[in-house]
Amino acid sequence: MTAIREMYARWAAGDMGEVDQWGDVTAEPRGLDYAEVSAGGVPAMWLIPHGVGPDRVIVALHGGGFVSGSLYSHRKMYGHLAKAAGVWVLLATYRRAPEFRFPAQIEDAVTAYRWAAARTQTVALAGDSSGGGLAVQVALREPGAAALLLLSPWIDMDPAQAATSYEENAATDLFFTRPMVQGLIAQYLPEGESGLAPEVNAFHADLTALPPVYVQCGGEESGRGDSERLAKLTGARLDVFDGQLHTFQMAAGRAPVADEAIGRLAAWVRPKLGL
């Protein structure tokens, strides 16, 4: 996972490069097609494995702290998931903070989900980092998803960011520090909006109606606390990958541990989708 560590080290040093270059750590999955679409007005991209029909779909929401990330930075990682699960994936993007603040991102995610759900038989939701938090918010607003697949989900919008994993992993996670995450929250939430409100922070919402949840995170990431807390509240399956960082699955096709993680996600979700 050297490539992931090197990427975050560059980011911590102030060199984030071009957004679409994030996907350079991911190998091209091959054996699938990409088709850009407007999902009810929301920019999105179908990831279509060869020989697979559209009757079962995963709607995926990419990460980027609500301020960055794109269809192109994440298409390959979710392409690996599409191939492994044997289903179409609709990868959706959303308006960015700080130009567009909450609830714009959730509105776009809900629109894309509804668009996909109207066109297929069974739908699951997936998301990484801030996209994982969006996936949970969509599921809270739109009952009927078959499952939630969450990769290092960022759930907690409390500006205090009290998770002890920030201190526990300070030596290994150099980029996702508490001050950095607090800065992202300040860009995401409008002035006067509480980070503890249920519609903003799923940790303060009623989670009993969520579909089955599977959470993966890295043992050395500062955001591990969100994954552990969500699993405790929902009874989700939780896999903590020792020695790994935030969204280490981005190294799919180049690192065995990333491929193993994608394989576990696919094996878990297939029966939830009726496969």
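As a reminder, the structure under discussion sits directly above these lines.
Just so we're clear, the structure is a prediction, and the values are computed from it rather than from any experiment.

Peer 1: An account of the packing of helix H2 (residues 71-85) against helix H8 (residues 256-272) is needed here, citing residue identities and associated values.
Peer 2: Close contact between H2 and H8 brings their axes to 9 Å; oriented N to C, the two are set at 45°. Relative to H8, the element H2 is oriented oblique. Our pair here, H2 against H8, has a crossing hand that is right-handed. Residues Met-77, His-80, Leu-81, Ala-84 and Ala-85 of H2 pack against Ile-262, Leu-265, Ala-266, Val-269 and Arg-270 of H8.

Peer 1: Talk me through the sheet that holds strand E5 (residues 122-128); I want residue IDs and the actual numbers.
Peer 2: An order of E1-E2-E4-E3-E5-E6-E7-E8 is seen for the eight strands of this open sheet, with the pairing classed as mixed. Looking at strand neighbours, the two that pair on one side only are strand E1 (32-39) and strand E8 (237-241), the edges of this open sheet. Neighbour-to-neighbour, the strand axes of this sheet turn through a mean angle of 20°, independent of strand direction. Examined bridge by bridge, E5 and strand E6 (residues 148-151) share four bridges and lie parallel to one another.

Peer 1: Run through the pairing of E8, naming residues and quoting values.
Peer 2: Pairing of strand E7 (residues 213-218) with E8 involves five bridges; the strand directions are parallel. Directly across from Gln-216, in E8, lies its bridge partner Asp-239. Taken together, E7, helix H7 (residues 224-234) and E8 constitute a β-α-β crossover, and its handedness is right-handed.

Peer 1: I'd like a rundown of unusual backbone geometry, residues and numbers included.
Peer 2: A cis amide bond links Ala-97 to the next residue, Pro-98, at an omega of 0°. With respect to the element layout, Pro-98 can be found in the loop between strand E4 (88-92) and helix H3 (104-117). For Phe-66, which is not glycine, the phi torsion reads 70° and is therefore positive. Residue Phe-66 is classed as buried on the basis of its relative accessible area, which comes to 3%. For Ser-129, which is not glycine, the phi torsion reads 55° and is therefore positive.

Peer 1: Could you give an account of the packing of aromatic side chains, with specific residues and numbers?
Peer 2: Counted according to the given criterion, the structure contains 13 aromatic pairs. Look at Tyr-8 and Phe-175: their rings are 6.5 Å apart centre to centre, the planes differ by 10°, and that puts the pair in the stacked class. A residue pair is termed long-range when its members are at least 10 positions apart, and Tyr-8 in helix H1 (residues 2-12) and Phe-175 in the loop between helix H5 (165-168) and helix H6 (178-188) qualify at 167 residues. The same class applies to Tyr-8 as to Phe-175, namely buried. Geometrically, the ring pair formed by Trp-11 and Trp-22 is tilted, given 4.7 Å between the ring centres and 45° between the ring planes. Residue Trp-11 is found in helix H1, and its partner Trp-22 is found in the loop between H1 and E1; the two are separated by 11 residues along the sequence. An aromatic cluster is defined as three or more aromatic residues linked by ring pairs; in this entry it consists of Tyr-8, Trp-11, Trp-22, Phe-175 and Phe-176. When the ring centre of Tyr-94 is taken as reference, the NZ or CZ atom of Arg-96 above it lies at 5.6 Å. Taking NZ or CZ as reference, Arg-237 lies 4.2 Å from the ring centre of Tyr-214, over its face.

Rules used in this analysis
Residues numbered from 1 in each chain as written. Predicted model: local features only at pLDDT ≥ 70, side-chain atom pairs only at ≥ 80, totals over all residues. Heavy atoms only, no water. Axes fitted to C-alpha atoms, helices over the stretch in contact; angles between N-to-C directions. Helix = DSSP H or I, 4+ residues; strand = E, 2+ residues; numbered from the N terminus. Parallel < 35°, antiparallel > 145°, perpendicular 65-115°, else oblique. Left-handed = near helix turned anticlockwise from the far one by under 90°. Contact = heavy atoms within 4.5 Å. Pairing = 2+ DSSP bridges. Right-handed = clockwise from strand over helix to strand, strands pointing away. Buried < 20%, exposed > 50% of the residue type's maximum accessible area, 1.4 Å probe, protein only. Phe/Tyr/Trp six-rings, centres within 6.5 Å; stacked < 30°, edge-to-face > 60°. Lys NZ or Arg CZ within 6 Å of the ring centre and 35° of its normal.

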